[in-house]
Amino acid sequence: DDGGGSGGGGEGDKPYVALVSKGFQHQFWQAVKKGADEAAAELDVEVTFEGPETETEVDKQLSMLQTALDKSPDALGFAALDSEASIPLMTDAQSRGIPVIAFDSGVDSEVPLTTVSTDNVAAAAEAAKHMVELTGGKGKIAVLGHDQTSQTGQQRVSGFVDYIEENAPDLEIVDTQYAGGDQLKSADAAKSILQANPDLKGLYGTNEGAATGVVKAVQELGKAGDLTVIGFDSGKAQLDAIKDGVMAGAITQNPVGIGYETVKAAVAAIDGEEVEPVIDSGFFWYDKETMDDPEIAEVLYE
Amino acid sequence: MSTTPLLRASGVSKEFPGVRALDDVQLELRHGEVLALVGENGAGKSTLMKILSGIHPADAGTLEIEGAPFAPSGPRAANELGISTIHQEFHLMPDLSVAQNVFAGREPRRAGFMDDRALVRQAADLLRRLDIPLDPRRRVSELSVAEQQMVEIAKALSFDTRVLIMDEPTAALNDAEVRTLFRLVRDFVTPRTGVVYISHRMDEINEISDRITVLRDGRYIDTLDTPATTTREVIALMVGRQIATDVRPAPAPADRPVVLRVEGLSTKKLLRDVSFDLHEGEILGFAGLMGAGRTEVARALVGADPSTGAVEVRGRRVTIRNPADAVGHGIGYLSEDRKRYGLLLDQDVASNVMLSSLRRETRAGFVRDGAVRRTAADMVRRLGIKTPSVRQRAKNLSGGNQQKIVLAKWLVRDCDVLVVDEPTRGIDVGAKEEIYELLESLAAQGKAIVMISSELPEVLRLAERIVVMCEGRVTGVRDNAGTTQHDLMELATRFGGTAGEPHPSATTGDAR
Amino acid sequence: MTSPTTPTTSTAGPAPATGTTRGPRYRQQLQQILAFAGLVVIFAFFSFASPFFLEWANIKGILLATAVTGIMALGATFVIATGGIDLSVGTGMTLCAVMTGVFLTNLGLPLAVGVLGGIATGALLGLLNGLNVSFLRIPPFIATLAMMMVAQGLSLIISGTKPIYFSDVAGFSQIALGELVPGLPNAVLIFFVAAVVAGVLLSKSLIGRYALSIGSNEEATAISGINVRRWKVAVYTLAGTFTGLAGVVMASRLNSAQPGLGLGYELEAIAAVVIGGTSLRGGRGTILGTVIGALIMSTLTNGLRIMSIPQEWQKVAVGVVILLAVYADILRRGKDA
Amino acid sequence: MTSPTTPTTSTAGPAPATGTTRGPRYRQQLQQILAFAGLVVIFAFFSFASPFFLEWANIKGILLATAVTGIMALGATFVIATGGIDLSVGTGMTLCAVMTGVFLTNLGLPLAVGVLGGIATGALLGLLNGLNVSFLRIPPFIATLAMMMVAQGLSLIISGTKPIYFSDVAGFSQIALGELVPGLPNAVLIFFVAAVVAGVLLSKSLIGRYALSIGSNEEATAISGINVRRWKVAVYTLAGTFTGLAGVVMASRLNSAQPGLGLGYELEAIAAVVIGGTSLRGGRGTILGTVIGALIMSTLTNGLRIMSIPQEWQKVAVGVVILLAVYADILRRGKDA
Ligand SMILES: Nc1ncnc2c1ncn2[C@@H]1O[C@H](COP(=O)(O)OP(=O)(O)OP(=O)(O)O)[C@@H](O)[C@H]1O
Ligand SMILES: Nc1ncnc2c1ncn2[C@@H]1O[C@H](COP(=O)(O)OP(=O)(O)OP(=O)(O)O)[C@@H](O)[C@H]1O
Ligand SMILES: [Mg+2]
Ligand SMILES: [Mg+2]
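Chain C goes by Ribose ABC transporter permease in an unreviewed UniProt entry, where it is assigned to Isoptericola cucumis. According to UniProt, the comment filed for chain C under the heading Subcellular location (unreviewed entry) is "Cell membrane".

Colleague: Residues and numbers for the overall build of chain C, please.
Modeller: What chain C contains, in helices and strands, is 13 helices and two strands. For chain C, with 337 residues in total, the buried portion stands at 64%. In chain C, 77% of the contacts between residues at least 6 apart in sequence involve partners at least 24 apart. Looking at chain C as shown, the accessible area adds up to about 10,900 Å², and 70% of this sits on carbon and sulfur atoms.

Colleague: Now, about the packing of aromatic side chains: what can you tell me, with residues and values included?
Modeller: Within this structure, the stated rule accounts for 16 aromatic pairs over all chains. An angle of 70° between the planes, with centres 5.0 Å apart, marks the rings of Tyr210 of chain C and Trp231 of chain C as edge-to-face. A residue pair is termed long-range when its members are at least 10 positions apart, and Tyr210 of chain C in helix H8 (residues 206–216) and Trp231 of chain C in helix H10 (residues 228–254) qualify at 21 residues. Both residues of the pair, Tyr210 of chain C and Trp231 of chain C, count as buried. For the ring pair Phe43 of chain D and Phe53 of chain D, a centre distance of 5.1 Å and an interplane angle of 70° mean the geometry is edge-to-face.

Colleague: Give a detailed account of the sheet that holds strand E10 (residues 249–253) of chain A, specifying residues and quantitative values.
Modeller: Strands in a sheet are paired, the pairing made by backbone hydrogen bonds, and the direction either parallel or antiparallel. Residues and elements named next belong to chain A. Across the sheet, six strands lie side by side as E7-E6-E8-E9-E10-E12; this open sheet has mixed pairing. One side of each edge strand has no neighbouring strand; the edge strands of this open sheet are strand E7 (171–178) and strand E12 (283–287). Averaged over all pairs of adjacent strands, the angle between strand axes in this sheet comes to 20°, irrespective of strand direction. Of the pairings in the sheet, the one linking E10 to E12 comprises five bridges and is antiparallel in character. Residue Ala250 lies in a different strand from E12, and its bridge partner there is Tyr286. Most of the contacts of helix H4 (residues 120–135) go to strand E9 (residues 228–232), to which it runs at about 165°, and overall it touches strand E6 (139–145), E7, strand E8 (200–205), E9, E10 and E12. Helix H7 (residues 208–220) rests against E6, E8 and E9 of the sheet, and its axis sits at about 155° to E9.

Colleague: Which residues make up the coordination of the magnesium ion (ligand 3), and what values go with them?
Modeller: Residues and elements named next belong to chain B. For the magnesium ion (ligand 3), every protein donor is listed as Ser46 (OG) and Gln88 (OE1), and the spread of their distances is 1.9 to 2.1 Å. One end of the pair, Ser46, is in helix H1 (residues 45–52); the other, Gln88, is in the loop between strand E6 (83–86) and helix H3 (98–102), and 42 residues separate them in sequence. Accessibility expressed as a relative area gives 18% for Ser46, which makes it buried. According to the relative accessible area criterion, Gln88 is buried, its value standing at 12%.

Colleague: So what's going on with helix H6 (residues 183–196) of chain A? Residues and values would help.
Modeller: Relative to the 20 Å expected for 14 residues at 1.5 Å per residue, H6 of chain A spans 20 Å between its end C-alpha atoms, a close match to the ideal helical length. You can read the cap of H6 of chain A off the contacts: a side-chain oxygen lies 2.8 Å from the backbone nitrogen of Leu184 of chain A, and it is on Asp182 of chain A.

Colleague: So what about the coordination of the magnesium ion (ligand 4)? Which residues, and what values?
Modeller: Residues and elements named next belong to chain B. Within the protein, the magnesium ion (ligand 4) binds to Thr295 (OG1) and Glu336 (OE); these donor distances fall in the range 1.9 to 2.4 Å. Residue Thr295 is located in helix H9 (residues 294–301), and its partner Glu336 is located in the loop between strand E18 (331–334) and helix H11 (338–342); the two are separated by 41 residues in the primary sequence. The same class applies to Thr295 as to Glu336, namely buried.

Colleague: Talk me through the nonpolar core; I want residue IDs and the actual numbers.
Modeller: Residues Val353 of chain B, Leu74, Phe78 and Ile322 of chain C together with Leu74, Phe78 and Ile322 of chain D are the most contacted members of the largest nonpolar core, which totals 264 residues. Here Leu74 of chain C is in contact with Phe191, Ala194, Ala195, Ala198, Phe242, Ile287, Thr290 and Val291 of chain C, once residues within four sequence places are set aside. Within the second largest apolar cluster, 39 residues are counted, among which are Ile86, Leu127, Met166 and Val178 of chain B.

Colleague: Describe the site of ligand 1, and please don't skip the residues or the numbers.
Modeller: All names here are of chain B. Around ligand 1, the structure places 22 residues, and the nearest of them are Gly42, Ser46, Thr47, Ser398 and Gly400. Lys45 has a polar backbone atom sitting 2.8 Å from an oxygen atom of ligand 1. The separation between an oxygen atom of ligand 1 and a polar side-chain atom of Thr47 is 2.5 Å. In isolation ligand 1 exposes 630 Å². Once the protein is present, 96% of that is buried. Among the elements of the structure, strand E2 (19–29), H1 and helix H14 (399–413) are those that each provide at least two residues to the shell around ligand 1. There are two domains that each give the shell around ligand 1 at least three residues, and those are domain 1 (1–82 + 161–241) and domain 3 (258–492).

Colleague: Any chance you could break down the pairing of strand E11 (residues 211–216) of chain B for me, citing the residues and the numbers?
Modeller: All names here are of chain B. Most of E11 sits inside the fold, with five of its six residues counted as buried. As judged from the four bridges shared by strand E3 (residues 34–38) and E11, these two strands associate in the parallel manner. Of the residues in E11, the one forming a bridge with Ala36 is Ile212. Both E11 and strand E12 (residues 219–225) contribute to a ladder of six bridges, which runs antiparallel. Its bridge partner lying in E12, Leu215 is registered against Tyr220. Between E11 and E12, which pair antiparallel one after the other, the connecting turn spans two residues, and Asp217 there sits at a positive phi close to 50°.

Colleague: Explain the pairing of strand E22 (residues 448–452) of chain B to me, using residue names and the numbers behind them.
Modeller: Residues and elements named next belong to chain B. Counting buried positions along E22 yields five of five residues, so the element is predominantly enclosed. Burial of the side chains of E22 extends over both faces: Ala448, Val450 and Ile452 are buried on one face and Ile449 and Met451 on the other. Note: strand E15 (residues 283–288) against E22, four bridges, orientation parallel. Paired with Gly285 across the bridge in E22 is Met451. Summarising the sheet, strand E21 (residues 417–421) and E22 pair through five bridges and their orientation is parallel. The residue bridging Asp421 from the neighbouring strand is Ile452, located in E22. Once the chain exits E21 it traverses helix H15 (residues 429–444) before rejoining the sheet at E22, and the crossover so formed is right-handed.

About the criteria used
- Residues numbered from 1 in each chain as written.
- Chains lettered and ligands numbered in written order.
- Predicted model: local features only at pLDDT ≥ 70, side-chain atom pairs only at ≥ 80, totals over all residues.
- Heavy atoms only, no water.
- UniProt positions renumbered as here; feature names shortened; annotations may be inferred.
- Helix = DSSP H or I, 4+ residues; strand = E, 2+ residues; numbered from the N terminus.
- Buried < 20%, exposed > 50% of the residue type's maximum accessible area, 1.4 Å probe, protein only.
- Contact = heavy atoms within 4.5 Å.
- Areas by Shrake-Rupley, 256 points an atom, 1.4 Å probe, with all protein chains shown as cover.
- Phe/Tyr/Trp six-rings, centres within 6.5 Å; stacked < 30°, edge-to-face > 60°.
- Pairing = 2+ DSSP bridges.
- Axes fitted to C-alpha atoms, helices over the stretch in contact; angles between N-to-C directions.
- Donors = N, O, S within 2.8 Å, 3.2 Å for Na, K, Ca; no water.
- Expected span 1.5 Å × (residues − 1).
- Polar contact = N/O pair within 3.5 Å; in protein donor to acceptor, adjacent residues only side chain to side chain.
- Core = buried A, V, L, I, M, F, W, Y, C linked by side-chain atoms within 4.5 Å.
- Near = heavy atom within 4 Å.
- Domains from an automatic or database assignment.
- Right-handed = clockwise from strand over helix to strand, strands pointing away.

In structure tokens form, the structure reads like this:
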């Protein structure tokens, strides 16, 4: 069939942008969706947003991508769980003349016109930097990851670990555990870590669920203030923990910005405008002092 | 004929936890004979047969076939030795067809795949040869108990068998089917084969067997030549006392109130306009051939199957949607299929006996286990159920004792109307008479009883009036007095509808 | 005589053999004490392996980690006893947590009302499951699978895919984390009390007896005059009630209702039940077994974590230990099984 | 049956029951055709609801999305027919994909060897399940739950928790995505061929007959002289083989082995089987039913997506439609069920 030019998908005559993300239920992805919806309202386009339940479900994402393509959207936003696996569908999109915008992490392909992303490795290194500062670069720390196999999950650990190994030889990472980003399981896992290492100086949780779990664990064991807790992303529990001093601070990306910029770039592509090859949506360190700065408060979500 | 027996067992002992099922038992089957094996419920008959057919190992003893010692490692090994068994408890795969059941493990194959057409053909041939009117493609779960028994028989006869063991093959059959079975047995017996035949029906044993071996309490008592023995003697050896037979019920007083009135009961499948009345203190018999619809009447009545028609209990129209409603209106139903509809096999005797009456044995919503066990133990004593304790699992009891448990369940429940479907299935002569007396005493207390039975003598022994059915219709109602087995048989074979009495109805008394 | 293949023993149904005379109840007790021994072995092993394992704070951690799944497993035991299955407990629990959030945070109802509302939500889900299974005759697997999806969807819809926080609800987090008994979090206390209630219900009350009877032989139970349909509805409703309680406890522990959580918890709950000796074919089961099954699962996870075994090896180890524990249990029960 | 042995005119004996005389086969076919009608209704609905639904590209997408779960479901049908369950198909599939990766990428073996190695891995997993279930008498739920964890752990360990890519293995991605039949991805072709093979095995060969027989009455099957233990091992091994095939197809489709994938797929596979009319109690089941069950699941998901229904509502809708579809099926079968 035809290359699905303008007026293809959705109801009505608005241009239609299909976004296929890596996730759906996590607050991070909900924030991306929020940004996308904002841009959609502003630019008068129709947007759909979908993502698999967990970041391991590569094939489910491909099915979503396939269905999205079959709806002949005017543009496609895609956050690949696995670049390699999506190559055939990227090629398909290209042959149908559907412009593709990559977001969150890049897609290893020539097809996307631009990539709206944050550098997870650098963001994790930033978290490590603060860990070193706050612990004095000495003692035992541990990591509670959210996902052992997804790219994001791995980068958020490796960026942190690599930084520590290079810059703080006296800071020993005694344990790295994963609990799937589930608050309850993260709390139980973090408790085990704390239990096995009573002299732990710092604990880093790699996403909202993991970080919230760490906070829970520290609170339940009555260890608030005894160690440096560093988190990732935002969410009310983390923000409260930072306010209360249980958590020293956290890294946040700009998910709303990612969503917004992705749709904006998609609309530009539909209109045949030039787009930048890379749009960095950035990340921030925030703590008790800085979390109310307008620039940061804007990217935080409850 | 050689002097070596076809099959010999000697010194066989078998112990189950808490039960000495067999103690130094012997058995000798000669070529060309039918050897009857008799004994009370729990005497060890089935256990001995299970040892011969490779299901249980014996604790001690030797087995010989044609003089050669053998020890079957499993049922298949026994089959290969030429021993095939119709077990008391069916071993059928309900989801498979008749043909698939009969030839399980021996399916005809073509090019590595099963040849289902050949399978059905073989089964049809077999069934035709045995004159068993069954469609080999029917699913076993749809068959009645009698039909399932036929499948078991066909299966056992499909092997190249020297020794055929039949453990109560007629318990679920009526006279006509028993005829068919006996013909099969006679055809089977040749100078190189033999049959071990277990039954509680003495008349059958007199007719079919050449010799009779008696067991009591797991011990060998004696072996007698059938022609030279009377039933009385055999029974005396079995139970150690005399049993009166040939009794008929006393004529009933005329003016008893109607407890249950059934009007125009019909089901989609079979029943056509079945009506009858049941009086207080009455035992109403139901007779008919296999598939005549007696069981279906009972099931429809208690709401186990959907039906149309009217039911009145003591003059009040009631709606019965399920057996719980029926019990609520004081109608209990003892099924003919104890394994499927009667027992919780994995639960203990007490739980089984008390199942219907559990609610009564609660205080503040909690079950009083002490009372439950006491009542159950009472029942066990009253019915002479052979079990080491009320905590024994139902599964581990002998067939007849299992049947007693199901009966006990309804006795404890104490319903006004009790529908008993083949109540003495698998019960020994002594106990049978006790159960008859029990039913009579219930009737004497004012309970009303519907008794479905395929044994005409049993019907005539107990029932004051007898409803006869054929093809889902009532073909006649007879008062006991002056009625013979032949009369009933004639009514039971009135096929084709219109023939017979113009308006067969069991309704008595004035119209509505 | 040669050893028989004992073809009569199916893996599912316990068949005749040694020990039976003393009656099922006695054997059940023995069985449970020995299943408990399995847990003790696991405990002993970890105590040697890690000096931190036996600290009260860690034991408390294990108990707390058991509470939510454990409470769900209590309800699941009843359903499994009938020969059914309940796949909706995981996401159902989440929906109950979300509804508790709606009642307490969005509607600002009093604490007790909100908590009861959350539990009632669970009972309602269970009631629906029961009606679907009993009256529409939908196989339990399908009925509760459908409910699992519906509950998951509803949690997201009702919460707007956002966690609902209870920070403003005074005392809510005390439900799980307060310590009525000093040193013991209330969540654990609730679990134990719920277990005692469930135990009494299963072994001493009509609902438990009938659940086991239905699981043993549904047709025979029905013919015996027990209203099987209605009792099944009651059983699923009871299970749902426990799910609701689990939802409230979890919400309280996290001080928030997380709408994305819950998938996969049903498998853990069912596993706890089955490891505890309840047969998926129905007809037998004990609450003590379920509690021990749940403790085995969480002790294993905790112990391996505290030993800093890498995650991937933890999975292998848990799998193997579960196999061993259940096999040991089967060996112990001998030919009986 | 009395003296004149032809009591009725019907050759089928005195069973005037309507329908039953035509035998199970006839009814089964009818049943399957009508289950197919359910799928057709779903199809028709979506065709009206979305102009994109009936496009070949989309149909292809549906079929492709069905292939992997479908292949697993084929194997699961055999296990479920015996009254067992296999929870290890999801992560087992992943382990097979990973092993295929090891063979082809790390060891550089020839394509055919690697593919066969992947499938053999599945067979081996199945064999272990079978041995655990048959010889150690571990309940299938536990045995395969343990295997599910072990397989998951091993996938992560063997792959080093990183995807293994097949980019350098010429032709590998053609296994799933090539089109031997123009327009039809090979994955779909493989699924269909596998379904035909499974169908013949289930209905025409001993393994299928005995699987159903065991599920129908294990004891009676054993008494019929069938070596139940060995056939159970064979059944689990067969199921494992299908899992292996699913793993290879999955790896080829993704052109990579994703070690984190797989959890949850077992539930989808089992759901497909059960929606297809196979009873979890064992004894009955058909492959056509399973194929239709798998198609219903993926068509639903696809159709709701293509209608751009919000994701949270999709779940609710899938749950409700599954309930309706199965209920309709039950109504249709009427008292027969
Ligand atoms: N598997 C078993 N476990 C425990 N006890 C058993 C088992 N099988 C049989 N028994 C006991 O052994 C005794 C003999 O049982 P058996 O079945 O041989 O009796 P039977 O003579 O066939 O009786 P019936 O006429 O009632 O069928 C009974 O007391 C029975 O309870
Ligand atoms: N559970 C069942 N499922 C399906 N069909 C059945 C079932 N029970 C009985 N039938 C069929 O219904 C018909 C009527 O059988 P029913 O059991 O009512 O007759 P009956 O007079 O009690 O004789 P018998 O018990 O000796 O077979 C039979 O042809 C039988 O095949
Ligand atoms: Mg017997
Ligand atoms: Mg009958």
